[in-house]
Amino acid sequence: MHVPGHHPAEDMADATDARIRRIRRIPPLWVLIVATALASFALQVLVPAMPGLVHVFGVDYGTVQASLTVYLVGLTVGQLLYGPLSDRFGRRPVLLAGFGLFLLGTLACIFAWDIGALLLGRALQAFGGCAGIVLSRAIVRDIYERERAAQMIAYITAGMVIAPMAGPVVGGYLYEWYGWQAIFWFVLAFGVFVTASCALLLHETHHDRGPTTTMGDLFGGFGVLLRMRRFRGYALQVAFTTASFYSFLGGAPFVAQEIMGRSAAGYGWWFVLISGSYMAGNFTSGRIGARVGSDRMISIGTVLSLVGGIVLLIVTLAGMLDLPSFFLISGVISVGNGFSMPNGFAGAVSVDPARAGTASGLAGALQMGIGAILMTVVGHTLSDSAMPVVVMMLVGAFFAWLSHLHGMRR
């Protein structure tokens, strides 16, 4: 019997949507957020304690700063593996295995007896935790088409920024109140919560994997993707944008604490401005990205970050750089990063949907690898000026803009 105002076509569409939802078992958004946030939180929560670790382990700042560099190397190597493995074996089992390694690495950090043991634990932490970064993006691409995926990645990134935004604040107070090991006990508790949440609520979303595909074929997908100009444009734009941010991350604690005389907790509160700006850019991108278009959002974001980097260099050369101007201008750069990053990732994983996991891993590996290089340069050139940080931030922003132009070239 036909009900007035109710169309059979709508019933069929609703039934189809319901069937797709049952097949895909769309996970709660907050689960993807915390899975993505875990590795970033663990990266940044230790940052305020880094100047203090110089005295704890009796090494120079460049060696302590290697705790960030090895973390980025672990993220790079891990993402190269997790993407293809998840295309072959599924997202869920690979994700849970990675988080198990993260927990082991965190325990190693807690009981580290020297800087070498700490670096080893940080590398294992990163190698395991990056599974959440790679596979959350791949899961979103499994479920949504490109423009919708860009929106969801923007929302996930905006939400997950809360954790790394709180990381330096939490890490600063834990270090000042209880010592550096308390930081890792907190990270361990957070890691257990995230792992349990994924085990209970995250269902498999990648159902089209081919059982006859060999691992050689999967890793050969790296070459296929790199030969695609649009993939290179998206992936390198994301990589250099991230490198600009990691240049800031690697040098800002030293600038704020050693050059400008602020405390570890004080730096943490200033860092809230940077994370908040990035979150605002992500949220705005999620709201207007579908109307404006992903590629145009990347253009706006890369230009905004580049202009911000140029202004920061001019202020530094003029001798007018102080703590507020340093963080405020860096906040403008972060807004631009928030526009370009989620749309760049959505573009990278959409170039070849059958290789979404591989594309996510390769883009992430380029992101962390290039970020580690620029961060290392900053760590070994800092002395009594913020100039190395400013220059590397500008270099990253410039090459991000250039990479986007390369990808969009007809």
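Reference entry: report on the structure contained in this document. (Residues numbered from 1 in each chain as written. Predicted model: local features only at pLDDT ≥ 70, side-chain atom pairs only at ≥ 80, totals over all residues. Heavy atoms only, no water.)

## Things to note about the environment of serine 136
Within the fold, serine 136 resides in helix α6 (residues 115-143). Between the C-alpha atoms of serine 136 and glycine 357, which are 221 residues apart in sequence, the distance is 9.5 Å. Setting aside anything within four residues of it in sequence, one finds serine 136 in contact with Leu32, Ala35, Thr36 and Ala131. Among the polar contacts made by the side chain of serine 136, one reaches the main-chain carbonyl oxygen of leucine 32 at a distance of 3.5 Å. (Helix = DSSP H or I, 4+ residues; strand = E, 2+ residues; numbered from the N terminus. Contact = heavy atoms within 4.5 Å. Polar contact = N/O pair within 3.5 Å; in protein donor to acceptor, adjacent residues only side chain to side chain.)

## Digging into the nonpolar core
Judged by nonpolar contacts, the single largest core of 98 residues is most densely connected at Leu75, Leu118 and Phe326. Broken down by element, the residue count for this core peaks at 13 residues, all from α6. If we skip the residues at most four places from it in the chain, phenylalanine 326 touches Phe248, Ala252, Val255, Leu312, Leu321 and Val389. Membership of the second largest hydrophobic core comes to 16 residues, among which are Phe345, Ala348, Leu362 and Ala363. (Core = buried A, V, L, I, M, F, W, Y, C linked by side-chain atoms within 4.5 Å. Buried < 20%, exposed > 50% of the residue type's maximum accessible area, 1.4 Å probe, protein only.)

## Some thoughts on helix α2 (residues 29-45)
The end-to-end C-alpha distance of α2 is 23 Å, a good match for the 24 Å that 17 residues give at a rise of 1.5 Å each. At alanine 37, α2 shows its maximal kink, close to 35°. In terms of burial, α2 is largely enclosed, as 15 of its 17 residues are buried. (Expected span 1.5 Å × (residues − 1). Bend = angle between axes of the 7 residues up to and from the residue.)

## A short note on the side chain of glutamine 125
Along the chain, glutamine 125 turns up in helix α6. With residues near it in sequence (within four places) discarded, glutamine 125 still touches Ala42, Tyr71, Phe102, Gly105, Thr106, Cys109, Phe184 and Val187.

## So, the packing of aromatic side chains
Scanning the model with the defined rule gives 15 aromatic pairs in all. Each ring, one from phenylalanine 111 and one from tryptophan 185, has its centre 6.2 Å from the other, and the planes form 85°; the classification is edge-to-face. Placement of phenylalanine 111 in the loop between α5 (91-110) and α6 and of tryptophan 185 in helix α9 (residues 180-201) is noted, with a sequence separation of 74 residues between them. Take tryptophan 185: its relative accessible area is 45%, and that puts it in the partly exposed class. On the basis of an interplanar angle of 45° and a centroid distance of 5.7 Å, the ring pair of phenylalanine 245 and tyrosine 246 is categorised as tilted. According to the relative accessible area criterion, phenylalanine 245 is partly exposed, its value standing at 21%. Note on tyrosine 246: relative accessible area 7%, which makes it buried. (Phe/Tyr/Trp six-rings, centres within 6.5 Å; stacked < 30°, edge-to-face > 60°.)

## What to know about a nonpolar patch on the surface
On the surface, a nonpolar cluster with roughly 490 Å² of combined accessible area is contributed by Leu104, Leu107, Phe111, Leu124 and Trp185. Here leucine 107 lies in helix α5. In this structure leucine 107 comes out as partly exposed when scored by relative accessible area, which is 34%. (Patch = residues over 30% accessible without salt bridge, like charges linked within 9 Å, V, L, I, M, F, W, Y side chains within 5 Å. Areas by Shrake-Rupley, 256 points an atom, 1.4 Å probe, with all protein chains shown as cover. Salt bridge = Lys/Arg side-chain N within 4 Å of Asp/Glu carboxyl O.)

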